[in-house]
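This is what each chain is made of:
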Amino acid sequence: MTALNQGREIGPGLVYGSVCSGIEGATVAWEPLGWRPAFFSEIAPFPRAVIAHHYPDVPCHGDFRTIEAHTYEPIDVLIGGTPCQTFSLAGLRAGLDSDRGQLTVEFAHLLSRLRPKWFVWENVPGVLSADGGRAFGAFLGLLGKLGYGFAYRVFDAQY
């Protein structure tokens, strides 16, 4: 299965990097498409152990903020779901004023260093209203300054 984006085939051979990887759900979805991970990045011990068990040949970086432009092979897509607690309606709603919230900004900085053609960023619906919408607006502003277009959507997780 392949798709086209501005005349470029998207299919087997696509290379991605995953940060805030958790137990690496993206690879479960993308591996059957022939997409290949260049690296994962996760700091929590249990998810790191799960990644090491299932993907022993893929490097698992710790803190994604330390990934430099040439640490791994070039990627086509960067995927990440930075911590949501700071934006969640069930959380403290500290937004970008918290260390976890600042990881959203760091994700944009990583995009700047790696310059993949595409990215996928995942979070909770509360990110749209945290700080009166200013946190999400600031994130979108950073993406625009980097030259990325974007579209966003809220999905109901039960589906």
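Conventions we followed
- Here the residue numbers are simple positions, counted from 1 along each chain's written sequence.
- With the structure being a predicted model, the display of local features is reserved for residues of pLDDT at least 70 and the display and counting of side-chain atom pairs for 80 or more, all residues being used for whole-chain, interface and lining totals.
- Excluding hydrogens and water, the side-chain values take into account all heavy atoms of the structure.
- Stacked, tilted and edge-to-face pairs are distinguished by plane angle, under 30 degrees for stacked and over 60 for edge-to-face with tilted covering the rest, among Phe, Tyr and Trp rings (Trp via its six-membered ring) whose centres lie within 6.5 Å.
- The helix and strand labels rest on DSSP assignments: H or I over at least four residues marks a helix, E over at least two residues marks a strand, and numbering proceeds from the N terminus.
- Three labels apply to residues, based on accessible area from a 1.4 Å probe with only protein chains included: buried if under 20% of the type maximum, exposed if over 50%, partly exposed otherwise in between.
- For helices, the fitted line uses only the C-alpha atoms of the stretch in contact; every axis is such a line through C-alpha atoms, and the angle between N-to-C directions lies from 0 to 180 degrees.
- Roughly parallel refers to an angle under 35 degrees, roughly antiparallel to one over 145, roughly perpendicular to one between 65 and 115, and oblique to any angle outside these ranges.
- Residue contacts are defined here by distance: any two heavy atoms, one from each residue, within 4.5 Å place the two residues in contact.
- Any residue outside Ala, Val, Leu, Ile, Met, Phe, Trp, Tyr, Cys, Pro, Asp, Glu, Lys and Arg is labelled polar, Gly included; the first ten of those are nonpolar and the last four are charged.
- Multiplying one less than the number of residues by 1.5 Å gives the expected span of a helix.
- The term nonpolar core refers to a set of buried residues drawn from Ala, Val, Leu, Ile, Met, Phe, Trp, Tyr and Cys, joined through side-chain atoms within 4.5 Å.
- At least two DSSP bridges between two strands are required for those strands to pair.
- Think of it like this: strands point away, you trace from the first strand over the helix to the second, and a clockwise trace means the crossover is right-handed.

(A) Region of interest: the packing of aromatic side chains. One pass over the full model with this rule turns up ten aromatic pairs. The interplanar angle of 85° and the centroid separation of 5.4 Å between the aromatic rings of F119 and Y148 together place this pair among those described as edge-to-face. Here Y148 lies in the segment after α4 (134–145) and F119 lies in strand β7 (residues 118–121), a separation of 29 residues in the sequence. For F119, a relative accessible area of 18% puts it in the buried group.

(B) Fine view of the packing of helix α3 (residues 99–114) against α4. Where α3 meets α4, the closest approach of the two axes is 10 Å, and the angle between their N-to-C directions is 5°. Comparing the axis directions of α3 and α4 gives the class roughly parallel. Across the interface between the two elements, T104, V105, F107, A108 and L111 of α3 pack against F139, L142 and L143 of α4. Class assignment for the residues of the contact of α3 with α4 results in seven nonpolar, one polar and no charged.

(C) Quick peek at the environment of A69. Relative to the elements of secondary structure, A69 occurs in the loop between β5 (60–61) and β6 (77–80). For A69, a relative accessible area of 34% translates into the label partly exposed. Sequence separation between A69 and G81 is twelve residues; the distance between their C-alpha atoms is 20 Å. When near neighbours in sequence (up to four residues on either side) are disregarded, A69 contacts R113 and L114.

(D) How the structure looks around α3. In this model, α3 (16 residues) spans 22 Å end to end at C-alpha, consistent with the 22 Å of a helix rising 1.5 Å per residue. Among the residues of α3, those classed as buried are G101, L103, T104, V105, F107, A108, L110, L111 and L114.

(E) Quick look at the nonpolar core. Ranked by internal contacts, the top residues of the largest apolar core, which has 29 residues, are V19, F39, I67, L78, F107, L111 and F119. If you list the elements that add at least two residues to this core, you get β3 (15–19), β4 (36–41), α3, β7 and α4. At seven residues, the largest contribution of residues to this core is made by α3. Residues contacting V19, with those up to four places away along its chain left out, are F39, S41, F64, I67, L78, I79, G80, G81, F107 and L110.

(F) Highlighting the pairing of β7. Going residue by residue along β7, you find F119 and W121 tucked away on one face and W118 and V120 left uncovered on the opposite face. When β6 meets β7, the two strands line up parallel, connected through four bridges. When the sheet's bridge partners are listed, G80 is paired in β7 with W121. In this region the chain leaves β6, passes through α3 and returns to the parallel neighbour β7; the handedness of that crossover is right-handed.

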